[in-house]
Amino acid sequence: FCPKYRRKLLTGKLKDRLEEIILWEIKNCNAEILNMEIMPDHVHLLISTTPSVQPHKIMKTLKGKSSRILRNEF
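Here is what the cut-offs are and how they apply
- Residues numbered from 1 in each chain as written.
- Predicted model: local features only at pLDDT ≥ 70, side-chain atom pairs only at ≥ 80, totals over all residues.
- Heavy atoms only, no water.
- Disulfide = S-S within 2.5 Å.
- Buried < 20%, exposed > 50% of the residue type's maximum accessible area, 1.4 Å probe, protein only.
- Axes fitted to C-alpha atoms, helices over the stretch in contact; angles between N-to-C directions.
- Helix = DSSP H or I, 4+ residues; strand = E, 2+ residues; numbered from the N terminus.
- Parallel < 35°, antiparallel > 145°, perpendicular 65-115°, else oblique.
- Left-handed = near helix turned anticlockwise from the far one by under 90°.
- Contact = heavy atoms within 4.5 Å.
- Nonpolar A, V, L, I, M, F, W, Y, C, P; charged D, E, K, R; others polar.
- Core = buried A, V, L, I, M, F, W, Y, C linked by side-chain atoms within 4.5 Å.

All right, on to the state of the cysteines then. In the structure shown here, the tally under the stated rule is zero disulfides. The thiol sulfur of Cys2 is not disulfide-bonded, and the nearest other cysteine sulfur, from Cys29, lies at 20 Å. Given a relative accessible area of 33%, Cys2 falls into the partly exposed group. The buried category is assigned to Cys29, whose relative accessible area is 15%.

Here it is in structure tokens:
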């Protein structure tokens, strides 16, 4: 997924905090991160989960909660 307009925002403290938030939310979604790469203007995630969990709901949760938390903190 990408920040709005692919701005190069995901660096330094923001990158570290985003990684913490993603790891926390993935635990709550009953999923496992196989690979995560946070670039300055986008995020790559390879996630393993059960077939009953819909991938778009995981991404909706990750993007929504991480955006809300990061906007409040930064």
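Further remarks concern the packing of helix H1 (residues 12–28) against helix H2 (residues 55–73). Remark: H1 packs on H2, axes separated minimally by 10 Å, with the N-to-C direction vectors making an angle of 140°. Judged by the angle between their axes, H1 and H2 are oblique. For H1 against H2, the interelement crossing comes out right-handed. Each of Leu14, Arg17, Leu18, Ile21, Ile22, Glu25 and Ile26 in H1 lies in contact with H2, whose residues at this interface are Ile58, Thr61, Leu62, Lys65, Ser66, Ile69, Leu70 and Glu73. Within the contact of H1 with H2, the residues separate by chemical class into nine nonpolar, two polar and four charged.

The topology assignment puts Arg7 in the segment before H1. It is 23 Å that separates the C-alpha atoms of Arg7 and Leu23, two residues lying 16 residues apart in sequence. Residues contacting Arg7, with those up to four places away along its chain left out, are Pro40 and Asp41.

Turning our eyes to something else, we now look at the nonpolar core. One finds Leu10, Leu18, Ile22, Ile26, Ile38, Val43 and Ile58 to be the most contacted residues of the largest nonpolar core, which totals 15 residues. Elements supplying a minimum of two residues to this core: H1, strand E1 (31–38) and H2. With five residues, H1 is the largest single contributor of residues to this core. If near-sequence neighbours (up to four positions away) are discounted, Ile26 is found in contact with Ala31, Glu32, Ile33, Ile47, Ile58 and Leu62.

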